[in-house]
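Listed below, chain by chain, are the residues.
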Amino acid sequence: MKQRDYSPLLAQFAEAYAKRSPKSAALHERAVKLMVDGGSNSLRLLHPFSPRLTRAKGAWLQDEDGHRILDFWQGHHANILGHNPEMVTRALAEFFGEGLGLQTGFTDRWQIEVAELICQQTGAERVRFTTTGALATMNAILLARACTGRELVLKVGGGWHGGHPWGLKGVGYHGGFAGMDSAGVPASVNENIIITNYNNTEKLKDHFRQYGDQLACFIVEPVIGGGGLMPAKKEYLQAARELTRKYGALLIFDEVVSGFRFRAGSAAALYGVQPDLMTLGKAIGGGMPVAAVAGRADILRWAGKGGKVKFEGGTYAAHPASMLAGKIFMQHLIDHEATIYPQLFATGAKLREIVTKTFAEENIYVRFAGDRNRDLPGNPMHMLLFPYEEDGELNTPEEVRNPAICDLELGEKVLQLGLLVENVFTVHGLGSNSTAHVEADLEFLGAACHRFAKQVKAFL
Ligand SMILES: Cc1ncc(COP(=O)(O)O)c(C=O)c1O
C-alpha cells in the first residue's frame with residue numbers, strides 16, 4: 001500500500017468550490033453559529049461547507065448559488081423515482097387544499113391503507129408505525145428482548161441501524177468492527193451486543209454456537225447500506241434463518257434501505273427468507289417521514305395495550321400527510337413494478353459500466369462493493385471502491401471499509417469534493433440511482449469522473 005497525500009488536491013477542490021458558492025458559504029457561516037457543525041446529520045455536512053438547496057426535481061438539485069447538481073444521494077437513498085415525484089406532490093397539494101394533512105392526533109383511513117400495502121407486499125401480519133428508522137430498529141430489538149426473555153443482540157460489523165443504544169456499536173471500522181462508536185451508552189448495553197461478520201456464514205455459525213441460547217435476536221440488512229451498499233449472499237441469509245430458528249432467537253431484517261428498493265416490497269422475498277420482524281423506513285414514506293416495524297402478530301402483540309413493551313410510535317407517527325404520500329408512492333411502485341425495477345437495475349448497470357470504463361481509461365482500477373455477488377437481480381446502489389489489488393472479493397464490510405485494502409480517502413472525501421466541483425453529488429462512494437436518472441445524466445457523470453480521474457492520477 002503506497003502512502004498517498006491528497007491534501008494539495010483537497011485544498012485545490014475546496015478553494016474552487018468556495019469561490020463559486022458564495023451564498024452557500026455565507027449561509028454556512030450563519031448555520032455554524034446555531035447548529036452543531038451547521039446542521040443535524042453529519043453525512044449532510046461537507047468540508048468546507050455543503051451546498052444549501054433551493055430546489056430538487058428528478059435527478060437534479062439546485063443550490064443557492066444557482067448550480068444544477070446531479071444527485072446520487074436521493075434523499076438518503078429513499079427517492080427511487082427521483083426528487084419530488086409529481087404523483088406525490090400533487091396528491092399532497094390537493095390533500096392540504098381540502099383542509100386535511102396536518103397532524104390531528106386521531107386515527108384515519110390512510111394508515112390502514114398503508115398498513116395493508118405493507119402486509120400485502122412483505123408477508124407481515126401486523127405493523128406499527130413510527131417516524132424514523134432508528135426508532136423502528138430500537139423497538140424491534142426491545143420486542144425481541146422482551147418476548148424471548150434474553151439479553152444479547154447479535155448484529156453485523158459495519159451495519160448501521162440508526163442512532164440508539166443498540167445501534168451504536170460496531171458501526172465504524174477501527175482495525176475491525178468490535179468497538180462502541182458513541183460515548184454515553186450504558187456499559188451493560190455495550191456488553192450485550194455481539195458483533196458478527198456480514199456475508200461470512202462460518203463466522204455466523206460460530207457466533208450462534210457460542211452465544212445462540214442467550215441471543216434475543218440477530219438484526220441484519222439484506223442489502224447493507226453504510227457498510228457497502230452491497231447485497232447479502234443467499235446462503236448467508238438462509239443460514240441466518242435456520243440458526244435463529246434452531247437457537248430460539250428472532251430474525252430481524254432491517255429493510256430501512258432495502259425495502260421497496262429492489263422490488264415493490266421486502267428484499268427478503270428475493271432471498272426466499274421470511275424474517276420474524278422487519279423494519280422499514282425511507283422509501284415507504286415517498287419522501288415523508290414514515291417508518292415501521294412489521295412482522296409476526298404474536299410478537300407485535302407485545303407492543304399492544306396490555307403488552308409489556310412500551311413501543312409508542314410518537315406524536316407524529318402515522319402522520320396523515322406522510323401516510324398519504326407513502327400510500328401513493330408504494331401503490332405506484334406496486335402498479336409499475338414490472339418496469340420500474342428493471343429500469344433501476346439497467347441504469348445502475350450502465351452507471352457502473354461508464355464509471356469503470358472512465359477510470360480505466362486513465363489507468364485507475366475501480367470496483368463496486370459486492371459486484372461479484374449475483375444473488376439479486378441488480379443493484380441501484382453503488383459504493384465505488386479504489387482497491388489496491390485487483391483480486392479481492394469485496395463483499396464484506398471488513399474488506400470495503402479497510403484502508404489497507406481500499407483507498408478510502410480517495411473513494412469518500414476526495415471523490416465527493418472533486419465531483420461536487422463538477423456539479424455531481426455523491427455519498428458513500430457514489431450512492432443511488434433513481435428512475436429519473438437518464439442516459440444523458442450518466443454521460444454527465446462519466447465526463448465529471450473523467451476530469452476527476454485526470455486530476456487525481458498524479459497523486460496515486
Ligand atoms: C439500514 C438502516 N437502518 C436504520 C436507519 C436509520 O434510519 P433513520 O435515519 O430514519 O433513523 C438507517 C439510516 O440510514 C439505515 O440505513
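The written sequence of each chain sets the order in which its residues are numbered from 1. This being a predicted model, a pLDDT of at least 70 is required before a residue's local features are given, and a value of 80 or more before pairs of side-chain atoms are given or counted; all residues contribute to the totals for chains, interfaces and linings.

## Some points on the sheet that holds strand β13 (residues 367-368)
Consideration 1: Taken in spatial order, the 3 strands make up an open sheet running β13-β14-β16, and their pairing is antiparallel. If you trace the sheet from one side to the other, it starts and ends with β13 and β16 (430-432), each paired once.
Consideration 2: Where strand β14 (residues 381-385) and β16 come together, 3 bridges link them in antiparallel fashion. From the neighbouring strand, M381 faces β16, where its bridge partner is S432. Being paired, for any two strands, means DSSP has found at least two bridges between them. Every helix listed is a DSSP run of H or I at least four residues long, and every strand listed is a run of E at least two residues long, numbered separately from the N terminus.

## Brief notes about the nonpolar core
Consideration 1: Nonpolar cores are identified as sets of buried Ala, Val, Leu, Ile, Met, Phe, Trp, Tyr and Cys residues joined via C-beta atoms within 7 Å. Burial in this document is a count-based property: other C-beta atoms within 10 Å of a residue's C-beta are tallied, and the residue is buried at 20 or more, exposed at 12 or fewer, or partly exposed in between, with C-beta positions derived from the backbone. Core analysis: the biggest nonpolar cluster contains 130 residues, and I118, A144, C217, A292 and L385 have the highest contact counts within it.
Consideration 2: For this core, the element with the highest residue contribution is helix α6 (residues 133-148), accounting for 9 residues.
Consideration 3: Shared between two domains, this core holds at least three residues of each, these being domain 1 (7-84 + 337-459) and domain 2 (87-335).
Consideration 4: Once C-beta atoms have been placed from the backbone, residue pairs whose C-beta atoms lie within 7 Å are recorded as contacts. Beyond its immediate sequence surroundings of up to four residues, A292 is in contact with I118, V127, R128, F129, T130, A136, L280 and I284. For the domains described, the bounds stem from an automatic or database domain assignment.

## Observations regarding the domain arrangement of the chain
Consideration 1: We note that the domain assignment places domain 1 (7-84 + 337-459) and domain 2 (87-335) within the chain.
Consideration 2: Taking only C-alpha atoms, the centre of domain 1 and the centre of domain 2 are 26 Å apart.
Consideration 3: Where the side of domain 1 that touches domain 2 is concerned, the elements lending two or more residues are α3 (74-77), α13 (337-361), β14 and α14 (397-400).
Consideration 4: In terms of residue class, the side of domain 1 that touches domain 2 is made up of 11 nonpolar, 13 polar and 4 charged. Each residue is assigned to one class: nonpolar for Ala, Val, Leu, Ile, Met, Phe, Trp, Tyr, Cys and Pro, charged for Asp, Glu, Lys and Arg, and polar for all the others, Gly among them.

## Details of unusual backbone geometry
Consideration 1: Geometrically, the link from H47 to P48 is a cis peptide bond, its omega value of 5° lying close to zero.
Consideration 2: Structurally, P48 is set in the loop between α2 (22-32) and β1 (53-57).
Consideration 3: If you check the backbone angles, Q74 has positive phi at about 50° while not being a glycine.
Consideration 4: Looking at the element boundaries, Q74 is found in helix α3.
Consideration 5: Here H428, not a glycine, exhibits a phi torsion of approximately 50°, which is positive.
Consideration 6: According to the C-beta neighbour criterion, H428 is buried, with 23 such atoms within 10 Å.

## Focus: the site of the ligand
Consideration 1: Residues in close proximity to the ligand total 15 residues, the closest being T132, G133, A134, G162 and V256.
Consideration 2: The element that contributes the greatest number of residues to the shell around the ligand is α6, accounting for 3 residues.
Consideration 3: The class makeup of the residues in the shell around the ligand is 5 nonpolar, 8 polar and 2 charged. In this entry, near means the residue's backbone-placed C-beta atom lies within 6 Å of the molecule or strand.

## Some words on the sheet that holds strand β2 (residues 60-63)
Consideration 1: Taken together, 4 strands build an open sheet; the order of strands is β1-β2-β3-β15 and the sheet is mixed. Two strands in the sheet have a free side with no partner beyond their single neighbour: β1 and β15 (424-425).
Consideration 2: One ladder, built from 2 bridges, connects strand β3 (residues 68-71) with β15; its direction is parallel. Note on β15: the bridge partner recorded for L70 is V424.

## Let's talk about the environment of N199
Consideration 1: Tracing the backbone shows N199 in the loop between β6 (193-196) and α8 (201-211).
Consideration 2: Residue N199 is classed as buried on the basis of its 26 C-beta neighbours within 10 Å.
Consideration 3: On a C-alpha basis, the gap between N199 and P222 in space is 9.9 Å, while along the polypeptide they are 23 residues apart.
Consideration 4: Every residue in contact with N199, bar those within four places of it in the chain, is listed here: A232, K233, Y236, N395 and T396.

## What to know about the packing of α8 against helix α9 (residues 234-247)
Consideration 1: Axis lines are fitted through C-alpha atoms, for helices just across the contact stretch, and the angle between N-to-C directions can take any value from 0 to 180 degrees. Interaxial distance between α8 and α9 falls to 10 Å at its minimum, and their mutual angle equals 10°. Looking at the two axes, α8 sits roughly parallel to α9. Contacts from T201, L204, K205 and F208 of α8 reach α9 at E235, Y236, A239, A240, L243 and Y247.
Consideration 2: Split into classes, the residues belonging to the contact of α8 with α9 amount to 7 nonpolar, 1 polar and 2 charged. To sort the angles, those under 35 degrees are grouped as roughly parallel, those over 145 as roughly antiparallel, those from 65 to 115 as roughly perpendicular, and the leftovers as oblique.

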